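Structure at a glance
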Amino acid sequence: MTALIDVKNLTLKFRTDEGLITAVDNVSFSLNKGEVMGLVGESGSGKSVTAKALMHLNAKNAVYSPESRITLHNDKGPVDVLSLRTPRELNIVRGGAVSMIFQEPMASFAPAITIGKQMVEQLQLHGNYTKEQAKKISVEMLDRVGISDAARRFDQYAFELSGGMRQRAMIAMALSTKPKLLIADEPTTALDVTIQAQVIDLMKDLVSEFHMGIVFITHDLGVVAQTADKVNVMYLGRMIEEGPVREVIRNPKHPYTQGLLAALPKLEDLDAPLTPVPGDIPSPLERPSGCVFHTRCSQIVGDVCRHTEPSEKSIDTTHKVSCHIYDEVSA
Amino acid sequence: MSDVLIRAKGLSVGFPIGGGMFNKQILKAVDNVSLDIEKGSFFGLVGESGSGKTTLGRALLKAAPITGGGAHYSDGEVDYDLENISKEQLKDYRKRAQLIFQDPYAALSPRMTVRDIIAEPLEVMGLTKTRAETDARVREIAAKCRLNLEHLRRFPHAFSGGQRQRISIARALVSAPKFIVADESVAALDVSIQADVLNLLKQIQSDMGLTFMFISHDLSVVAHTCDHVAVMYLGRLVETAPTRKLFAAPRHPYTKALFSAIPSLDPDDRGTAQKLTGEIPSPTNQPSGCKFHTRCPFAIDHCKQVEPKLETDGSGHDVSCHRWKELMAPEAA
């Protein structure tokens, strides 16, 4: 297993009129080649901000702490992502070695430029291709992701394609530069279940074919179970649990992960009540002290939850959790 | 058998599209749908986007034009023929039938306070006479929807998605309706909030004796909330049954495909299910025969030529497929 990307002590705040808002708080993880990582959490948990940090793509008011390190292991040696400044330097993480697909494919394509022109443009930006070569690669890629009549679709506009087609075109475009790392931000959330199943299958095929790493952001644990090798659960900017997908889904340790699973409607048991995690995710302006989850937690062990931030404990070599319930285990 | 609140018979909704004066085409969004919604039930309507479920919901609210067949509403107090409803009756029907939208961010005016948003239907419909009366009604319904009464003076931007959806629900309920169409009302919410809103809807339904039509593309949500489910494909009803019957033994290949497309929570149960290829055809260019034959793995020549009828077996489990019996047989054996 070779490491593809290493994130160490990532802390990210946004400067706003109301003061500094913590979006990501001391998050560390790493991803190997050919591995799919599911990044799970509610809206506002910081998953998208974390993913965008991998491309150094957050807004101008983002402040990274000095300890934050993101290292991309590219063919030509490691790249310190957060030290990249100029657009030319940033090319490597923005469409070169790292690509991203988004939830809303309609909003990600320019509406007045054909799909083909957009694909050719980015290929020429990242590689030494003539127009004809770039077109050939693009059509092949559109064909590869299952778009029928790819040569004709190449000359169409985004609005002429259906939702599923658009997401496929988006994937084709993201993969045409042969990235090492693909960031997929809720790529199937806006799709029908039937089309979602097709897109998931396609992504699995592409992982084995191109051997890239994928960071798959979603709030759907079913999608995670179907795609990911390992899962990281985020809450209010903290990584609260991580581990192999089977471990985390069958044997969740953190009360929040347990809560997310209990809230899911299950087809096997129609009588089981749906149990929501009580309350709403707090505003990032009012981050709770101690464990950030204590305001909604049903398994508080004592005052320690309100005052002390839990440290990361290892359940086994790969399964880690940050919760005071497991304090004695490691002591 | 309990009373039927809404009965649709051969209901069709068509929209004229394109063309000049002489070659106007009709887009049939809902095509010859018959169904009964029983009083006090939670009726689920599922299907992919483009299957006509939203249009059917709107037609039953008299918010989309009924171009064929008809629908009847009868709640014991009044009896309306929705196709030929008078202006006076329609005004009354608006109080009795309400809609909850999908996107709680788009559905609430950002420039009105929560109190005004909830009170607006009362004022427009003239249901209350004094401001004090309106306020009392707003507070009563807000409490029922578990909204913090302190928050009534705030604006919607101060609320999270789940709270906004509770505000939308309060607004829909304030005129004391009998029938509610909830169109993808939990689709935009996180799982935890989704569970909370679903529990709330169930609670309200039993407290107020409402009848719900619950439109969703998420079968596991439908399975947990609805008593009866109808599956739509390209404007047609392809299968309808009590929830447990449908989920225990789906008969239509489309229903089966929808089930197998739900991502399983078991990481070892990957990709064994039968996947549906292709996409729903455009309603302007509908396939001949059975509308589903272009995507159906079991289609034979007969399916391409003859459109199947909705078969009723007397137990309330209806299906519209030529081959469902022979396809069920190997599984039964």
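So, a few notes on the structure that sits alongside this text. No experiment lies behind these values; they were computed from the predicted model shown.

So, on to the pattern of salt bridges. A side chain with one charge may pair with a side chain of the opposite charge, provided their charged atoms come close. Scanning the entire structure with this criterion turns up 34 salt bridges over all chains. Between Arg 296 of chain A and Glu 42 of chain A there is a salt bridge, with its nearest N and O atoms 3.0 Å apart. With Arg 296 of chain A in the loop between helix 12 (255–263) and helix 13 (303–307) and Glu 42 of chain A in the loop between strand 3 (36–40) and helix 1 (47–53), this pair connects stretches of sequence that are 254 residues apart. Accessibility assignment for this pair places Arg 296 of chain A and Glu 42 of chain A in one class, buried. Arg 7 of chain B serves as the salt-bridge partner of Asp 36 of chain B, at 2.9 Å between the closest nitrogen and oxygen. Of this pair, Asp 36 of chain B sits in strand 2 (residues 25–38) while Arg 7 of chain B sits in strand 1 (residues 4–17), placing them 29 residues apart in sequence. A single salt-bridge network, built from bridges that share partners, covers Asp 75, Glu 77, Asp 92, Arg 96 and Lys 178 of chain B.

The next point concerns unusual backbone geometry. Residue and element names in this part refer to chain A. With a phi angle near 50 degrees, Asn 9 is a residue other than glycine that sits in the positive phi range. With respect to the element layout, Asn 9 can be found in strand 1 (residues 3–16). Despite not being glycine, Asp 149 shows a phi value in the positive range, around 60 degrees. A residue is classified by how much of its surface remains accessible, and Asp 149, at 43% relative accessible area, is partly exposed.

Residues and elements named next belong to chain A. It is at 9 Å that the axes of helix 5 (residues 115–126) and helix 8 (residues 163–175) come closest, and there the two elements cross at 20 degrees. Overall, the two elements helix 5 and helix 8 adopt an arrangement that is roughly parallel. The hand of the helix 5/helix 8 crossing is right-handed. Side by side, helix 5 and helix 8 meet where Ile 115, Gln 118, Met 119 and Gln 122 of the first sit next to Ala 169, Ala 172 and Met 173 of the second. Split into classes, the residues belonging to the contact of helix 5 with helix 8 amount to five nonpolar, two polar and no charged.

About the criteria used
Residues numbered from 1 in each chain as written. Chains lettered and ligands numbered in written order. Predicted model: local features only at pLDDT ≥ 70, side-chain atom pairs only at ≥ 80, totals over all residues. Heavy atoms only, no water. Salt bridge = Lys/Arg side-chain N within 4 Å of Asp/Glu carboxyl O. Helix = DSSP H or I, 4+ residues; strand = E, 2+ residues; numbered from the N terminus. Buried < 20%, exposed > 50% of the residue type's maximum accessible area, 1.4 Å probe, protein only. Axes fitted to C-alpha atoms, helices over the stretch in contact; angles between N-to-C directions. Parallel < 35°, antiparallel > 145°, perpendicular 65-115°, else oblique. Left-handed = near helix turned anticlockwise from the far one by under 90°. Contact = heavy atoms within 4.5 Å. Nonpolar A, V, L, I, M, F, W, Y, C, P; charged D, E, K, R; others polar.

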